[in-house]
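# A look at the structure
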Amino acid sequence: MEHSLLHALALAGLITAVGGPLLILGLLRPAERAWGIESEQDEFGRALGKGAARWVVCGALLAAAATLLDLFVQVAELRGKTVFSGVDIAEIVRFATRATVGRLSLARAGALLLMAAATLVPGRHKWSVTGLLGCSAIVLTSLVSHAAAQPVGRYAAIAVQVAHISGAAIWMGVLIQLLLARGTIQRASSGTGVALVAEIVRRFSPVALIVVSLLVLSGVLAAWRYLGGVGALFTSAYGLTLLVKLALLTLALFAGLVNYRIIRPRLLAMDRSNADAVKLVLRRFGRMLELEVTAGLLVITVAGILASVSPPGQNGSLRLTERQTDAFLEPRLPAVRMVNPATFYGAAPRTVDDLHYSEFTHHWSGVMVCLLGLCWLAQAGSGRAAEWGGRSWPFLLVPFAAFVVVASDPEVWWLRRISIGHALSDPQLLEHQLGGGMILLLAWLGWRDRRRAGPERPLGYALPIIMVLGSLSLLGHAHSTLITDDALANLINVQHAVFGAFGLIAGTVRWLGLRGLFPRQAARWLWPGLVIGLGLFMTFCYREVV
Ligand code: HEM
């Protein structure tokens with residue numbers, strides 16, 4: 001999980017940074033020339049340039065920091081541990097200077113740090129140098145990917161990956177920069193400022209259309225190579241993670257379409273002397289931009305997780321077996337018998353009792369999730385039911401958190417066979433303990449939430465943030481240990497990808513609903529409905545014994 005989240009951060013930072021020189025050299029300068037404005041002579045152009053430079057530095061530094069931190073995580077993961085098990089600097093230096101992945105990561109971090117530095121150096125070629133360094137960081141990123149690990153057709157796969165990430169940088173990188181310049185754009189009340197905004201949008205939309213087509217083409221090519229067939233989309237953790245990416249992509253494409261079909265023509269046709277009309281159109285542009293970028297950043301984050309999940313490949317090894325697929329699609333009542341974990345703890349490979357125990361904990365966690373979703377659904381309504389729902393859910397979370405912390409890994413708090421320190425150094429145990437911690441945090445926030453009024457309940461922005469982060473870690477949650485065979489590990493990973501999908505879409509809908517970027521009425525029912533859907537899947541469908 002740590003590796004995939006750091007990789008996603010590195011991608012988001014890289015794409016934001018590369019968006020800077022693209023915006024300035026690819027859009028602002030040509031727009032200034034089209035209006036006969038000397039670059040840097042216009043207040044709006046200067047403000048946009050200054051803001052872009054600031055965000056290039058932030059993006060490049062974020063990506064460099066995530067890349068360097070990931071070196072620590074990768075070395076720990078090579079030992080099957082987390083960074084909390086202690087760090088051996090000599091080992092990190094050896095990995096960074098001798099292993100190909102280490103050297104390429106070091107080179108990428110170097111290019112990103114140079115990119116940040118180049119942006120701070122005044123001069124006519126600043127943006128070209130920054131752009132070139134950004135391109136080299138994209139190539140270096142593609143050299144550490146599934147594409148680079150391909151036994152055959154490696155160079156073609158890498159070329160597709162470079163095209164794909166470049167496409168993401170042109171489309172999303174520029175949009176992220178424009179969204180970060182939202183204040184500057186909405187303050188563009190002067191004639192030239194508004195004219196430049198309209199000119200930039202006029203020039204960018206057709207480019208975005210071409211780039212999205214390139215993204216789809218390169219994405220489908222890569223997907224075909226790594227999935228080995230359409231069936232793997234639904235029967236592998238990799239395929240399901242890709243489906244989540246595509247679901248989020250539809251939101252970004254919808255916003256892009258509205259910008260292209262509605263906002264752009266209005267921007268080009270508007271009477272620039274009418275300040276109110278200008279303000280209204282720019283505000284609408286800002287909102288659609290926020291939707292497009294929010295969905296786009298989630299797409300990039302899920303892409304970073306996708307790049308860390310093992311693809312099923314041509315031999316379909318990491319796909320559900322037919323028997324598993326049938327069992328998966330056959331709901332049944334939750335297990336009521338709880339096996340005493342002392343009877344199976346430490347057995348290798350895992351015993352049937354151990355698997356039944358794990359089914360029991362997932363089923364009853366599912367019941368808690370259903371009850372939570374029902375409370376939030378009730379709270380979306382009005383009257384006594386809403387009041388009852390709003391009061392009850394924080395109390396549900398305390399026993400739920402205790403259940404997750406104690407029952408998910410009984411060897412820690414229940415059987416006391418291993419210490420907390422050991423638990424923190426084990427990737428899987430750490431994620432379960434973190435999961436319990438997040439639920440406890442929700443309970444505390446929920447208790448404080450009683451005083452909050454209106455549609456922001458429950459918990460305002462905190463809830464979707466925790467749901468999205470928790471679900472991203474579920475998507476990147478890999479259950480591959482020495483005592484779990486591949487088929488079982490794959491079944492568990494696929495089901496955790498389903499958990500992550502439900503939670504991520506629910507959190508996204510809740511966030512967009514709060515931002516007024518999703519139909520409020522629909523959002524009020526949809527996100528609690530998805531939480532209930534997650535609970536029902538966990539309660540009636542989760543299987544380990546097939
Ligand atoms: C139909 C559309 C798309 C498909 C089918 C698709 C599919 C893929 C696939 C299969 C990969 C390779 C992951 C791996 O290394 O295993 C990938 C990587 C990636 N995709 Fe997409 N993609 C699509 C659209 C997009 C869009 C619109 C964006 C950004 C806005 C995007 C951003 C990325 C990024 C950043 C990576 C690189 C991940 C990495 O290797 O680190 N993709 N995509």
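Residues numbered from 1 in each chain as written. Predicted model: local features only at pLDDT ≥ 70, side-chain atom pairs only at ≥ 80, totals over all residues. Heavy atoms only, no water.

### Quick notes on the overall build of the chain
The condition that has to hold: Every helix listed is a DSSP run of H or I at least four residues long, and every strand listed is a run of E at least two residues long, numbered separately from the N terminus. Using C-alpha atoms as the atom set, the radius of gyration is obtained and then compared with a globule rule of 2.2 Å times the number of residues to the power 0.38. Between buried and exposed lies partly exposed: a residue is buried under 20% and exposed over 50% of the maximum accessible area for its type, with that area taken using a 1.4 Å probe on protein chains only. Residue contacts follow a heavy-atom distance rule, with two residues in contact if any of their heavy atoms lie within 4.5 Å. Accessible surface area values rest on a Shrake-Rupley calculation with a 1.4 Å probe, where residue burial reflects the displayed protein chains alone. The charged-residue count follows a simple rule in which Lys and Arg add positive charge and Asp and Glu add negative charge, with His and chain termini not counted at all. Every charge is mapped to an atom, namely NZ of Lys, CZ of Arg, CG of Asp or CD of Glu.
What the chain contains, in helices and strands, is 20 helices and 0 strands. Taking 546 residues into account, the globule formula puts the C-alpha radius of gyration at 24 Å, and the chain, at 25 Å, falls close to it. Expressed as a percentage of the 546 residues in the chain, the buried residues total 54%. A fraction of 77% describes how many contacts in the chain between residues 6 or more apart in sequence connect residues 24 or more apart. Accessible surface, the chain as shown: approximately 24,300 Å² in total, 66% of it carbon and sulfur. Here the chain carries 47 positive and 31 negative side-chain charges, and the mean point of each set is 8 Å from the other.

### As for the domain arrangement of the chain
Definition in use: Residue ranges assigned to each domain were obtained from an automatic or database domain assignment. In short, buried area is how much 1.4 Å probe accessible area vanishes from two parts on joining, totalled over both. Throughout this description, the term salt bridge denotes a Lys or Arg side-chain nitrogen within 4 Å of a carboxyl oxygen of Asp or Glu.
Taken domain by domain, the chain comprises domain 1 (2-306) and domain 2 (322-540). The gap between the C-alpha centroids of domain 1 and domain 2 is 31 Å. Between domain 1 and domain 2, the residue contacts involve 26 residues of the former and 26 residues of the latter. At the boundary of domain 1 with domain 2, total buried surface from both sides reaches about 2,100 Å², with 72% on carbon and sulfur atoms. Applying the counting rule to domain 1 against domain 2 returns 1 salt bridge.

### A short note on the nonpolar core
Definition in use: Residues belong to one nonpolar core when they are buried, are Ala, Val, Leu, Ile, Met, Phe, Trp, Tyr or Cys, and are joined through side-chain atoms within 4.5 Å.
Ranked by size, the top nonpolar core spans 141 residues in total, and within it W171, L267 and L504 carry the most contacts. A per-element tally of this core places helix α11 (residues 275-306) first, with 15 residues. Once you skip the residues sitting within four places of it in the chain, L267 turns out to touch V197, A198, V201, V281, L282 and F285.

### Digging into the coordination of the iron atom of the ligand
We apply this condition: For Na, K and Ca the donor cutoff is 3.2 Å, while for all other metals N, O and S atoms must lie within 2.8 Å; water is not among the atoms, so some sites may look incomplete. Here the metal geometry follows the donor angles, with tetrahedral for four donors whose angles all fall between 85 and 135 degrees, square planar for four and octahedral for six when opposite donors are more than 155 degrees apart and every other angle is between 65 and 115, and irregular for all the rest.
Taken together, the protein ligands of the iron atom of the ligand are H164 (NE2) and K245 (NZ), with distances of 1.7 to 2.0 Å. Viewed at the metal, the 6 donor atoms of the iron atom of the ligand are separated by angles of 84 to 179 degrees, and the geometry they form is octahedral. Taken together, the residues span a long stretch of sequence, with H164 in helix α6 (residues 154-180) and K245 in helix α10 (residues 237-269) at a distance of 81 residues. The exposure class of K245 is buried, given its relative accessible area of 12%.

### Topic: the layout of surface pockets
Our working rule: Cavities and pockets were defined on a 1 Å grid built from protein atoms only: a cavity is a group of points that admits a 1.4 Å probe but offers it no way out, a pocket is an open group of points flanked by protein on both sides within 12 Å along at least five of seven lines, and a lining residue is one with an atom within 4 Å of any such point. Grid points are joined across faces, edges and corners, and a volume is the space filled by probe spheres set on the points. Just so you know the grouping, Ala, Val, Leu, Ile, Met, Phe, Trp, Tyr, Cys and Pro go in nonpolar, Asp, Glu, Lys and Arg go in charged, and all remaining residues, Gly too, go in polar.
Size it by volume and the second largest pocket reaches roughly 710 Å³. Within the residue set of the lining of the second largest pocket, elements represented by two or more residues are α1 (2-34), α2 (43-78), α6, α11, α18 (462-475) and α19 (486-514). Looking at the lining of the second largest pocket, the element that brings in the most residues is α1, giving 7 residues. Tallied by class, the residues present in the lining of the second largest pocket amount to 20 nonpolar, 7 polar and 1 charged.

### Describing the side chain of R350
What counts is decided by this rule: Identification of polar contacts relies on pairs of N or O atoms within 3.5 Å, with a donor-acceptor requirement for protein atoms, meaning one able to donate a hydrogen and the other able to accept it, and with residues adjacent in sequence counted only if both atoms are side-chain atoms.
Inspection of the secondary structure assignment puts R350 in the loop between α12 (322-328) and α13 (352-380). A distance of 3.1 Å separates the side chain of R350 from the side chain of D354, its partner in a polar contact. Of the polar contacts made by the side chain of R350, one reaches the side chain of E544; its length is 3.3 Å.

### Some thoughts on empty space enclosed by the protein
One pass over the structure, following the stated rule, counts 1 cavity of 30 Å³ or more. Computed from the structure, the largest cavity encloses a volume of approximately 30 Å³. Contributing to the lining of the largest cavity are L23, L48, G51, A52, W55, Q177, L180 and A181. Element by element, the count of residues in the lining of the largest cavity is highest for α2, at 4 residues. Considering only residue class, the lining of the largest cavity consists of 6 nonpolar, 2 polar and no charged.

### Details of a positive patch on the surface
Definition in use: Candidates for patches are residues over 30% relative accessible area with no salt bridge; among them, like charges are joined within 9 Å and nonpolar side chains (Val, Leu, Ile, Met, Phe, Trp, Tyr) within 5 Å.
On the surface, R266, K279, R283, R284, R287 and R520 cluster together into a positively charged patch. Per-element accounting of the positive patch gives the leading share, 4 residues, to α11. Examined against the element boundaries, R287 turns out to sit in helix α11. On the accessibility criterion, R287 (34% relative accessible area) is partly exposed.

### Structural notes on the site of the ligand
We apply this condition: By convention in this text, a residue qualifies as near a molecule or strand provided that one of its non-hydrogen atoms is within 4 Å of it.
Close to the ligand lie 25 residues; H7, H146, Q161, H164 and K245 are nearest. Between the ligand and the protein, one listed contact pairs an oxygen atom with a side-chain N or O atom of H146 at 2.5 Å. H164 is positioned with one of its side-chain polar atoms (N or O) 2.8 Å from a nitrogen atom of the ligand. Of all the secondary structure elements, the ones that give two or more residues to the shell around the ligand are α1, α6, α8 (191-227), α10 and α11.

### Examining the environment of T539
Along the chain, T539 falls in helix α20 (residues 520-541). A residue is classified by how much of its surface remains accessible, and T539, at 3% relative accessible area, is buried. Here the alpha-carbon distance between T539 and T361, two residues 178 residues apart in the chain, equals 9.5 Å. Aside from chain neighbours lying at most four places away, what touches T539 is R332, P334, H363, G366, V367 and C370.

### With respect to α13
Short version of the rule: Expected helix span is taken as 1.5 Å per residue step, with the number of steps being one fewer than the number of residues.
Relative to the 42 Å expected for 29 residues at 1.5 Å per residue, α13 spans 42 Å between its end C-alpha atoms, a close match to the ideal helical length. Most of α13 sits inside the fold, with 21 of its 29 residues counted as buried.

### With respect to the pattern of salt bridges
Under the counting rule described, the total for this entry stands at 10 salt bridges. With a closest N to O distance of 2.9 Å, R203 and E199 form a salt bridge. Remark: E199 and R203 occur in helix α8; sequence separation between them is 4 residues, near one turn of the helix. Ionic pairing is found between E387 and R391, a salt bridge with its closest N-O pair at 3.6 Å. Highlighted residues: E387 and R391, both in helix α14 (residues 383-407), separated by 4 residues, approximately one helical turn. Given the relative accessible area of 44%, E387 is considered partly exposed. Here the residues in one salt-bridge network are R182, E290 and R515, joined through shared partners.

### With respect to α10
Short version of the rule: The bend reported for a residue corresponds to the angle between axes fitted to the seven residues ending at that residue and the seven starting there.
Its 33 residues give α10 an end-to-end C-alpha distance of 47 Å, which sits within 8% of 48 Å, the value for a rise of 1.5 Å per residue. Roughly 40 degrees is the biggest bend found in α10, and it falls at I263, with proline P265 one to four residues downstream.

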